[in-house]
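Structural overview for review
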Amino acid sequence: MSRILSAVAWPYANGPRHIGHVAGFGVPSDVFSRYQRMVGNDVLMVSGSDEHGTPILIAADEAGVTPQQLADTNHRLIVEDFLALGLSYDLYTRTTTRNHHRVVQEMFTGVWENGYFVEQTTTGAISPSTGRTLPDRYIEGTCPICEYDGARGDQCDNCGNQLDPADLIDPRSKINGETPQFVETQHFFLDLPALAEALGEWLDEREASGTWRPNVIRFSQNILKEIRPRAITRDIDWGIAVPLDGWRENPAKRLYVWFDAVIGYLSASIEWARRSGDPEAWRAWWNPAPDGQGEARSYYFMGKDNITFHAQIWPAELLAYDGLGSRGGTTHDLGRLCLPTEVVSSEFLTMEGRKFSSSKRVVIYVRDMLERYQPDAFRYFVAAAGPENNDADFTWAEFVQRTNSELVAGWGNLVNRTATLIAKNFGEVPAAGELAAADSAVLDLVVTAFDTVGDHIARNRMRLAIQEAMRTVGEVNRYVSDSEPWKIKDDPERLATVLHVMAQCVADLNVVLSPFLPFSANAVDRVLGGAGDVQPMPRLEEVEDLDGGAAYPVITGDYSTTRAWRRHPVVPGTPVEKPSPVFRKLDSAVVEEELSRLEG
Ligand SMILES: [Zn+2]
């Protein structure tokens, strides 16, 4: 048994999440975690809502609520959506908990004491009429590079360049149009160049392991070449206070949202441990094993726009906290913290050939998807056609086609005719008589799927894994067609044998497909007379803040009864009734309906 940390990207809580947000990290990390539990590993799967930063402030202003109220609303929506999608977090929490604030401040203090922050004077903007700081995104003007008139203070959306508000030509406040006043302001920068050598060594070692996706390791090594100090504080009044005298009391200085969000993996693990009754339990996934043996492996799941944060910023924070850069230093209270074993980054999902855009209504929200379609139909699409190694396109036509021809006509049909024939002829799983060559062959073939499919999932090759599983489904369907059990009239022993073999193949493939299709795995199990407990499901829990803050909903669950990843012999005599279909066939009119919703 080994320990596995599944560290899943933290969705930003400025609005509801669309399917593009969850295709890259949500479903793949859940498939991986469910599989790892099935093979007996001790998995800790954590994430939460990322709730600080300027976009939340802007969205709250637009909605006429406080940033905390906006985060509360969106956090709850995201929790409900992820639950409906069956994402099996041990803890899905949020960054506005007091626990998270405390852990972030501990990390800041450790890095500061080791000398990896440099203080620099930069230019900041204030509103002359209110005297308040104007965050970069509240300033717009003309881009000094491309002369686009609507450039934001932090970035030009036309040419894509990162900007400094002081660079803008004719800068103005987006709030009231006045010209901001630029003043000198102090900020802390993370001294990334002092950590570059240690980061490079870690990346070289990771490259040698050969397990990272080639584009991810290449990107990570490239960004190391242009490494420079990065501001980790901000002139903003929404976020985590800087835990230093003279800063702590200043309401306009906060830690930059990216500095705090990546610490969420650690703080969520600590929160999980505190809630489990063993406050130190998180250490088994984070600190090196004392004897160097059995160290936990950590897998970070995200979209490609977040590689920098997971392959550079977060490991740099960990190295700096432990004093492992060129400035030296010591370890602190949290002890030596392990760097990521693997950064599992996916590419982008587009929709009907276009970028997702809520404002242009090129979008389908997770909630709408799950209200209208089965969660496993969506999970299947993501696993089979998602943006694993290349950008991928979601089209309604392909969604309907894959659901109907692969899930319904392939796997669903095999389940359905197996149970129908057993119910009609025996009413219970029959015992097998003597096996013919074809029976043994198909049983042997199906049992190899545990190895081949499992190997692909362990390497995060979800598309290959599900292809292989569905290829095996096709082989079993062929066995059924060749054996023609519906034509066996006068040989009850032969009929019993074929139906027994079919039941065993369905039971095996149901285990193999269950990390991808957890809801239907339980339904298929019930069809074959089981208790429907192949894959335990997450639950929503309303919890008190551990340190006296406001209560909030989390996702958690007990996954200890997950079925093991191997053949479980079917038991003759188990009652089987006439089934109703597990998968819903979609009408072809769905495509037109959904496309008209997009344009409406
Ligand atoms: Zn520009």
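The rules behind each value
Numbering of residues starts from 1 in each chain and follows the order in which that chain's sequence is written. Totals for whole chains, interfaces and linings use every residue, but because this is a predicted model, local features are given only for residues with pLDDT of at least 70 and side-chain atom pairs only at 80 or more, for both listing and counting. To get the side-chain values, all heavy atoms of the structure are used, and hydrogens and water are removed first. UniProt positions are given in the numbering used here, feature names are shortened, and annotations may be inferred rather than shown by experiment. Keep in mind that water is not among the atoms, so a site may look incomplete; donors are the N, O and S atoms within 2.8 Å of the metal, or 3.2 Å for Na, K and Ca. Think of it this way: with four donors and all angles in the 85 to 135 degree range, the site is tetrahedral; with four or six donors, opposite ones beyond 155 degrees and the rest between 65 and 115, it is square planar or octahedral; otherwise it is irregular. Each helix is a run of DSSP H or I of at least 4 residues and each strand a run of E of at least 2, with the numbering of both proceeding from the N terminus. Throughout this description, buried means an accessible area under 20% of the type-specific maximum (1.4 Å probe, protein chains only), exposed means over 50%, and partly exposed covers the range between. Patches here are clusters of residues that have more than 30% relative accessible area and form no salt bridge, with a 9 Å joining cutoff for like charges and a 5 Å cutoff for nonpolar side chains (Val, Leu, Ile, Met, Phe, Trp, Tyr). All accessibility values rest on the Shrake-Rupley procedure with a 1.4 Å probe; residue burial counts only the protein chains present in the view. Salt bridge, as applied in this entry: a Lys or Arg side-chain nitrogen positioned within 4 Å of an Asp or Glu carboxyl oxygen. A positive count includes Lys and Arg, and a negative count includes Asp and Glu. His and the chain ends are not counted in either. By convention, the point assigned to a charge is CZ for Arg, NZ for Lys, CD for Glu and CG for Asp. Aromatic rings from Phe, Tyr and Trp, with only the six-membered ring used for Trp, were paired whenever their centres fell within 6.5 Å, and each pair was classed as stacked if the ring planes differed by under 30 degrees, edge-to-face if by over 60, and tilted otherwise. Whether a charge lies above a ring is judged from NZ of Lys or CZ of Arg, which has to be within 6 Å of the ring centre and within 35 degrees of the ring normal. When checking whether two residues touch, look at their non-hydrogen atoms; a contact exists if any pair is within 4.5 Å. Here, a strand pair is defined by DSSP locating no fewer than two bridges between the strands. Residues are called lining when one of their atoms sits within 4 Å of a cavity or pocket point, these points coming from a 1 Å grid over the protein atoms alone, where a cavity is a set in which a 1.4 Å probe fits but cannot get out and a pocket is an open set with protein on both sides within 12 Å along at least five of seven lines. Grid points are joined across faces, edges and corners, and a volume is the space filled by probe spheres set on the points. Each residue receives one of three labels: charged for Asp, Glu, Lys and Arg, nonpolar for Ala, Val, Leu, Ile, Met, Phe, Trp, Tyr, Cys and Pro, and polar for the others, Gly being one of them.

By the naming in an unreviewed UniProt entry, the protein chain is methionine--tRNA ligase, taken from Rhynchospora breviuscula. Database annotation for the protein chain, UniProt heading Subcellular location (unreviewed entry): "Cytoplasm". As recorded by UniProt, the Catalytic activity (unreviewed entry) comment attached to the protein chain reads in full: "tRNA(Met) + L-methionine + ATP = L-methionyl-tRNA(Met) + AMP + diphosphate".

This part covers the coordination of the zinc ion. Surrounding the zinc ion are the protein donor atoms Cys143 (SG), Cys146 (SG), Cys156 (SG) and Cys159 (SG), at 2.3 Å. For the zinc ion, the four donor atoms in the first shell make angles of 103 to 116° at the metal, a pattern classed as tetrahedral. We note that the donor set of the zinc ion lies within a single chain, spaced as C-x2-C-x9-C-x2-C. With Cys146 in the loop between strand 5 (139-142) and strand 6 (151-152) and Cys156 in the loop between strand 6 and strand 7 (169-173), this residue pair connects regions lying ten residues apart in the sequence. Residue classification places Cys156 among the buried positions, given a relative accessible area of 0%.

Taken together, the side chains of Glu197, Glu201, Asp204 and Glu207 define an acidic patch exposed on the protein surface. As for its placement among the helices and strands, Glu201 is situated in helix 5 (residues 196-209).

Bringing the UniProt feature "domain: Methionyl-tRNA synthetase anticodon-binding" (unreviewed entry) in the protein chain into the picture now. Under the UniProt annotation, "domain: Methionyl-tRNA synthetase anticodon-binding" (unreviewed entry) lies at residues 429-553. The span residues 429-553 carries 61% helix and 6% strand; its end-to-end C-alpha distance comes to 43 Å.

This brings us to the pattern of salt bridges. Overall, the coordinates contain 36 salt bridges when judged by the stated rule. The partner of Arg283 in a salt bridge is Glu280, with the nearest N and O atoms 2.6 Å apart. One salt bridge connects Arg459 with Asp455, and the closest N-O pair in it is separated by 3.4 Å. A single network of salt bridges, built from pairs that share partners, joins Glu468, Arg471, Glu475 and Arg478.

Summed over all chains, the structure comprises 28 aromatic pairs. Seen from their ring centres, Tyr256 and Trp258 are 5.8 Å apart, and the 40° between their planes marks the pair as tilted. With relative accessibility at 8%, the residue Trp258 sits in the buried group. An aromatic cluster is present here, built from Phe108, Phe117, Phe188, Trp247, Tyr256, Trp258, Phe259 and Phe309 joined pairwise through their rings. Above the face of the Trp285 ring, Arg3 is positioned so that its terminal group lies 5.4 Å from the ring centre. Over the ring of Tyr559 we find Arg37, and its NZ or CZ is 4.2 Å from the ring centre.

Below, the discussion takes up the environment of Ala71. In this fold, Ala71 is placed in helix 3 (residues 67-84). Sequence separation between Ala71 and Ser49 is 22 residues, and the spatial gap between their C-alpha atoms is 8.4 Å. Setting aside anything within four residues of it in sequence, one finds Ala71 in contact with Glu51 and Arg94.

Okay, the sheet that holds strand 5 next. Taken in spatial order, the three strands make up an open sheet running 6-5-7, and their pairing is antiparallel. Where the open sheet ends on each side, the last strands, each with one partner, are strand 6 and strand 7. Note that strand 5 and strand 6 share two bridges and pair antiparallel. By the bridge assignment for strand 6, Glu140 is matched with Arg152.

The phi dihedral of Asn460 falls on the positive side, at around 55°, and the residue is not glycine. Looking at the element boundaries, Asn460 is found in the loop between helix 14 (437-458) and helix 15 (462-483). Classification of Asn460 as buried rests on a relative accessible area of 2%. The phi torsion at Glu484 lies on the positive side, around 45°, for a residue other than glycine. By secondary structure assignment, the location of Glu484 is in the loop between helix 15 and helix 16 (492-513). Given the relative accessible area of 29%, Glu484 is considered partly exposed.

Counting across every chain of the model gives three cavities of 30 Å³ or more. When its volume is computed, the largest cavity comes out at roughly 140 Å³. Taken together, 16 residues form the lining of the largest cavity, with Ala23, Pro28, Arg213, Glu388 and Met462 sitting closest to its centre. Counting residues per element, the ones that place at least two in the lining of the largest cavity are helix 1 (19-38), helix 12 (375-385) and helix 15. Ranked by residues supplied to the lining of the largest cavity, first place goes to helix 1 with five residues. Of the residues contributing to the lining of the largest cavity, the split by class is nine nonpolar, four polar and three charged.

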